[in-house]
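# Architecture and fold: a report
Okay, here's what each chain looks like letter by letter:
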Amino acid sequence: KGLKSPPESLSDLGAIESLRVPGKEEFRELREQPSDPQAEQELINSIEQVYFSTESFDIVKYELEKLPPVLNLQELEEYRDKLKQQQAAVSKKVADLILEKQPAYVKELERVTSLQTGLQLAAVICTNGRRKTELFIAHFYRHLNIAKEGFTQASLGLLANQRKRQLLIGLLKSLRTIKTLQRTDVRLSEMLEEEDYPGAIQLCLECQKAASTFKHYSSNIKILKLTLPSEQLDVALSKICKNFDINHYTKVQQAYRLLGKTQTAMDQLHMHFTQAIHNTVFQVVLGYVELCAGNTDTKFQKLQYKDLCTHVTPDSYIPCLADLCKALWGVMLSYYRTMEWHEKHDGEDAASASEGSNMMGAEETNFDRGYIKKKLEHGLTRIWQDVQLKVKTYLLGTDLSIFKYDDFIFVLDIISRLMQVGEEFCGSKSEVLQESIRKQSVNYFKNYHRTRLDELRMFLENETWELCPVKSNFSILQLHEFKFMEQSRSPSVSPSKQSSATSSKTVTLFEQYCSGGNPFEIQADHKDEETEDVLASNGYESDEQEKSAYQEYDSDSDVPEELKRDFVDEQTGDAPVKSVSRETLKSRKKSDYSLNKVNAPILTNTTLNVIRLVGKYMQMMNILKPIAFDVIHFMSQLFDYYLYAIYTFFGRNDSLESTGLGLSSSRLRTTLNRIQESLIDLEVSADSAATLTAAEERKEKVPSPHLSHLVVLTSGDTLYGLAERVVATESLVFLAEQFEFLQPHLDAVMPAVKKPFLQQFYSQTVSTASELRKPIYWIVAGKAIDYEQMLLLMANVKWDVKEIMSQHNIYVDTLLKEFEQFNMRLNEVSKRVRIPLPVSNILWEHCIRLANRTIVEGYANVKKCSNEGRALMQLDFQQFLMKLEKLTDIRPIPDKEFVETYIKAYYLTENDMERWIKEHREYSTKQLTNLVNVCLGSHINKKARQKLLSAIDDIDRPKR
């Protein structure tokens, strides 16, 4: 396309920069040539565009490639001329452009010339300055040589000597320091012997700092080997694990703090405590094993702790356990005091740190305190776990089933105290210890209980049921076995106040024994000091009481003084509330046969042994609550067996149920059947074909006891063993009262899921003890009076009299004489055994009830009876009641309506009698039938008689 516009400057000539710029002569020739501007422009425009490209361009190659395959010389020459013309036109164009810019080039040339002139002048100035400097230096060296020659050699020697003097003084000081460092080892040993650990550490730090200054002295390299007493510090730290000393520990902590190793010290401390526990228990057990072995054989020292525990003999088991716990207590107390020390000093350090201004140091100190606190808190559980495992290994290393009860309780008491220590130490429930002692306890208790049941059977079979004389204020809490209960009771403080006072003044074992003593040293102290004062002399609390016990008391002056004083209620065992007045004595003298002796509890030696057993069982249960259910279950078996024995000895009589009086309640019968099925072994010998399960069940059962042949229950003079029956029955009632007293304590330790068993035991077994009175005393009442003789006498009476009689029959007097004799014999028995009011009432009630039923039976045997005979029956009965009321205070008279209703039924009409028969089913079929037959002919005909007999048969049919 050609050039569109000429470039304004040489810098814009990019398209033609590859062209050679012509010289001055060429410019002149080009300008002198004639030119046609239009023709030149056309030539320039005819130039191909590729020649204006800024990229590298090979013109020759380009033109050669354009040549045709067949060359024509004329065309080539013409094309060559064209190219020359184009080149000439371009060259001229360039020349014109350069000439147009010529003034600017001239100006630039002048500036360059001026700059060249200035540079030449500067070169001349620099040459002159250099020449002057060389002259100055030469002059300076000349004057310096003159000054050097002016100073003398003596002055320079003085300065050299002064410098040497200073060096020697420094050397002497260094030598003295080195000598001090060499003597530090001796001083350090002295400080360690004096346990001045902070001073020793400070000395070592100063020595190390000083030694680092002189490390360039190879001859004194030994000084650099002086190290801090870390081993001595570690040994000193281990000493506090068994016997904590606050001054000693304070020095050790200060030493570690100077070293900046408080965290390391805490890690080491826990390692030492763990090692102390292991070494302590091993040495204690090893000492007892070697002592019992009687030689110093070193083979025991090579045994593991677990194997070593199996070599402890039963005789040395308890002392070894006590010493083991004492030693472990020392370790735990040291740890407890260590924590106290850190709590106290960390608080002081925190207060001092808050006053300081070094924030970095305070943060580092707080971090160390936090680490130590967490480490100590974690160490509580770790140390207690180690203690538990060591004691568990010792406990399981020996079979405790062969131990005596007191020894086993002593072991339990020690472990219970140790578990209390663990709870106060770290809040642990000591599951490891509880499980290990539970295994031993269950195994021991099963064997122990089985032996005690056999002993109880032996005691019952040899018991003569004599009264065991105890004081009137006797309480089971006075027995050794129940002393543990008094520790939780305060008679002068109410339970609510006691609990609040206890909670506000609770002192832990660590606080109590922190300054000295050991909680495991008090176990055997009070054992020998305990005394029991529960037995009375000859059954009386004093000789004066014994002298006055058998005096008559019909008049007020004859009442013994001791009976006017306060007494202990036999039913509750509570303290006296008020005195018994003389009027009360007079009103009760005919029915309560207990006033001739102090109202002491009625119990036997066997009863006392059972109570002691219960106390022992409760001791074990109180110490080891996880086996509370097993213990209470075995306690219930003691009561069950005692109740069953009393019933078997004195209350079993098949004729009782035939009376229809309901002497044995359904609850009592159910209880006796349950005891017989679950506890009593009725088989004489084991069947060889019996299954293994049956054999195991029989091991849990006890043979039924047999009454001693020394106990005679067939003599009428003793009211058929009434004294023995009273002692046996009332001892059972007393035992039941003690179980009632213990119910809150048993309920407190019984697991919640097992409490229904305890409630059922009390509601269905303990409460039935007093119900045994009726069947037992019924046997006495049935034999004490000759009811058969009375029936014979009544059979001889003529009841079909024709006139009203004014004199009662002789059988009434005979019956009353029987009751008088019964009363006299009852008084004789009461001289041996106190007969409580409920017992005398039951005896009189039974006798009167039997007498009244015998009267009805006698009336039912009458073949013929007139209206006057019925009136005679009423007269006889009223005479009997009048005389009887003088012998007894029981009101109302039992079965009085039973007799009167039967007599009055004779006067009923047919319709009334039929209704009466249906309503009064308490009478036997014989009695009802006789009533109808006797009435026949008087006011009942045969048809009515048949109707009434049918009604009686309908009533009797369901009974069959």
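Model, not experiment: these values are computed from the prediction.

Along the chain, the regular secondary structure elements total 36 helices and 2 strands. Scored against the burial criterion, the 960 residues of the chain give a buried share of 41%. Put simply, 80% of the contacts in the chain that link residues at least 6 apart link residues at least 24 apart.

In this structure the tally under the stated criterion is 26 salt bridges. Of the charged contacts in the structure, one is a salt bridge between Glu481 and Arg612, with a shortest N-O distance of 3.1 Å. Placement of the pair is Glu481 in the loop between α15 (431–462) and α16 (483–486) and Arg612 in helix α22 (residues 605–623), with a sequence separation of 131 residues. Neither Glu481 nor Arg612 differs from the other in exposure class; each is buried. In this structure, Glu730 and Arg773 form a salt bridge, with 2.6 Å as the shortest nitrogen-oxygen distance.

Bringing helix α31 (residues 837–860) into the picture now. Because each turn of an α-helix spans 3.6 residues, side chains separated by three or four positions in sequence point in the same direction. Taking 1.5 Å as the rise per residue, α31 with 24 residues should run 34 Å; its terminal C-alpha atoms sit 34 Å apart, in good agreement. Taken across its 24 residues, α31 has 18 buried, putting it largely inside the fold.

What follows covers the nonpolar core. Counting 214 residues, the largest nonpolar core has Phe819 and Phe880 as its most contacted members. Counting residues per element, this core draws most heavily on helix α23 (residues 628–651), which supplies 16 residues. The residues touching Phe819, leaving out its near neighbours within four places in the chain, are Ile785, Trp844, Cys847, Ile848, Ala851, Phe880, Leu884 and Leu887. Counting residues in hydrophobic clusters, the runner-up holds 7 residues, among them Ile44, Phe52, Ala89 and Val90.

Attention now goes to the packing of aromatic side chains. As enumerated under the stated definition, the model contains 39 aromatic pairs in all. Ring centres of Phe244 and Tyr249 lie 5.4 Å apart, and the angle between their planes is 50°; this geometry places the pair in the tilted category. On the basis of relative accessibility, which here comes to 7%, the residue Phe244 falls in the buried class. Ring geometry for Trp799 versus Tyr811: centroids 6.4 Å apart, planes at 65°, classification edge-to-face. Taken together, the residues span a long stretch of sequence, with Trp799 in the loop between α29 (787–795) and α30 (810–832) and Tyr811 in helix α30 at a distance of 12 residues. A relative accessible area of 3% means that Trp799 is categorised as buried. The class for Tyr811 is buried, based on a relative accessible area of 1%. In textbook terms, an aromatic cluster arises when at least three aromatic residues are bridged by ring pairs, as seen for Phe273, Trp329, Tyr335, Tyr336, Phe425, Phe510 and Tyr513. Lying over the aromatic face of Phe629, Lys754 brings its terminal NZ or CZ to 4.5 Å of the ring centre.

This next bit is on the state of the cysteines. Here the structure, examined in full by the defined rule, presents 0 disulfides. Looking at Cys309, it has no disulfide partner, and the nearest cysteine sulfur is the one in Cys320, 7.5 Å off. Look at Cys309 and you get buried, because its relative accessible area is 0%.

What follows is about the environment of Leu643. Inspection of the secondary structure puts Leu643 in helix α23. On the basis of relative accessibility, which here comes to 0%, the residue Leu643 falls in the buried class. The contact partners of Leu643, leaving out residues within four places of it in the chain, are Leu672, Ile675, Leu732, Thr765, Thr768, Ala769 and Leu772.

Turning our eyes to something else, we now look at the packing of helix α26 (residues 722–749) against helix α28 (residues 773–784). Remark: α26 packs on α28, axes separated minimally by 11 Å, with the N-to-C direction vectors making an angle of 175°. One element, α26, and the other, α28, form an angle in the roughly antiparallel class. Where α26 approaches α28, its residues Leu722, Arg725, Val726, Thr729, Glu730 and Val733 are matched on the opposing element by Arg773, Ile776, Tyr777, Ile779 and Val780.

Further remarks concern a nonpolar patch on the surface. On the surface, a cluster of nonpolar side chains totalling about 440 Å² of accessible area is made up of Val60, Leu64, Leu67, Leu71 and Leu76. Tracing the sequence through the fold places Leu71 in the loop between α3 (59–66) and α4 (73–100).

Moving on, we get to a negative patch on the surface. Taken together, Glu340, Glu343, Glu377 and Glu511 make up a surface patch of like negative charges. Inspection of the secondary structure assignment puts Glu511 in helix α18 (residues 509–512).

All right, on to the confidence of the model for the chain then. In this model, the chain carries a mean pLDDT of 78, and residues with pLDDT of at least 70 account for 74%. Across residues 1–19, confidence stays below pLDDT 50; counting only partners more than four residues off in sequence or on other chains, it has 24 contacts.

Of note, the amide linkage connecting Arg891 to Pro892 takes the cis form, showing an omega dihedral of -5°. Looking at the secondary structure, you find Pro892 in the loop between α32 (867–887) and α33 (896–904). Non-glycine residue Asp895 carries a positive phi angle of around 60°. Within the secondary structure, Asp895 is located in the loop between α32 and α33. Overall, Asp895 belongs to the buried group, its relative accessible area being 13%.

Here α30 crosses α31 at 165°, and the two axes come no closer than 12 Å. Classified by the angle between their axes, α30 and α31 sit roughly antiparallel to one another. Read as a crossing pair, α30 and α31 show a hand that is right-handed. In this structure, α30 contributes Tyr811, Leu815, Phe819, Phe822, Asn823 and Leu826 to the contact, and α31 contributes Leu843, Trp844, Cys847, Ile848, Ala851, Ile855 and Tyr859. The class makeup of the residues in the contact of α30 with α31 is 12 nonpolar, 1 polar and no charged.

Calculation criteria
Along each chain, residue indices are assigned from 1 in the same order as the chain's sequence is written. Predicted model: local features are reported for residues with pLDDT of at least 70 only, side-chain atom pairs are reported and counted for 80 or more only, and whole-chain, interface and lining totals are derived from all residues. Working from all heavy atoms in the structure, the side-chain values ignore hydrogens and water. Put simply, DSSP H or I for four residues or longer makes a helix, DSSP E for two residues or longer makes a strand, and each gets a number counted from the N terminus. Categorising residues by exposure relies on relative accessible area from a 1.4 Å probe, with only protein chains included: less than 20% of the type maximum marks a residue as buried, more than 50% marks it as exposed, and the intermediate range marks it as partly exposed. Contacts are residue-level and defined by heavy atoms, with any inter-residue pair within 4.5 Å sufficient. One speaks of a salt bridge when a side-chain nitrogen belonging to Lys or Arg is within 4 Å of a carboxyl oxygen belonging to Asp or Glu. Here a helix's expected span is defined as the number of its residues, less one, multiplied by 1.5 Å. For this analysis, a nonpolar core means a set of buried residues of the types Ala, Val, Leu, Ile, Met, Phe, Trp, Tyr and Cys, connected via side-chain atoms within 4.5 Å. Here a Phe, Tyr or Trp ring, Trp counted by its six-membered ring, pairs with any other such ring whose centre lies within 6.5 Å, and the pair is stacked when the planes are under 30 degrees apart, edge-to-face when over 60, and tilted otherwise. Only Lys NZ and Arg CZ are tested; either one counts as a charge over a ring when it is within 6 Å of the ring centre and within 35 degrees of the ring normal. Disulfides are defined as pairs of cysteine sulfur atoms found within 2.5 Å of each other. To obtain each axis, a line is fitted to C-alpha atoms, and for helices this fit is confined to the stretch in contact; angles are then taken between N-to-C directions over 0 to 180 degrees. Angle categories are assigned with fixed cut-offs, so that under 35 degrees is roughly parallel, over 145 is roughly antiparallel, 65 to 115 is roughly perpendicular, and the rest are oblique. Each patch is built from salt-bridge-free residues with over 30% relative accessible area, joining like charges within 9 Å and nonpolar side chains (Val, Leu, Ile, Met, Phe, Trp, Tyr) within 5 Å. The Shrake-Rupley method, run with a 1.4 Å probe sphere, supplies the accessible areas, and residue values consider only the shown protein chains as cover. In this tally, Lys and Arg are treated as positive and Asp and Glu as negative; His is ignored, and so are the chain termini. Note that the charge is assigned to NZ on lysines, CZ on arginines, CG on aspartates and CD on glutamates. Note on scores: pLDDT gives the predictor's confidence for each residue, bounded by 0 and 100. We call a crossing left-handed when the near helix sits turned anticlockwise from the far one by less than a right angle, and right-handed when that turn is clockwise. Charged residues are taken to be Asp, Glu, Lys and Arg, nonpolar residues to be Ala, Val, Leu, Ile, Met, Phe, Trp, Tyr, Cys and Pro, and polar residues to be all remaining types, Gly included.

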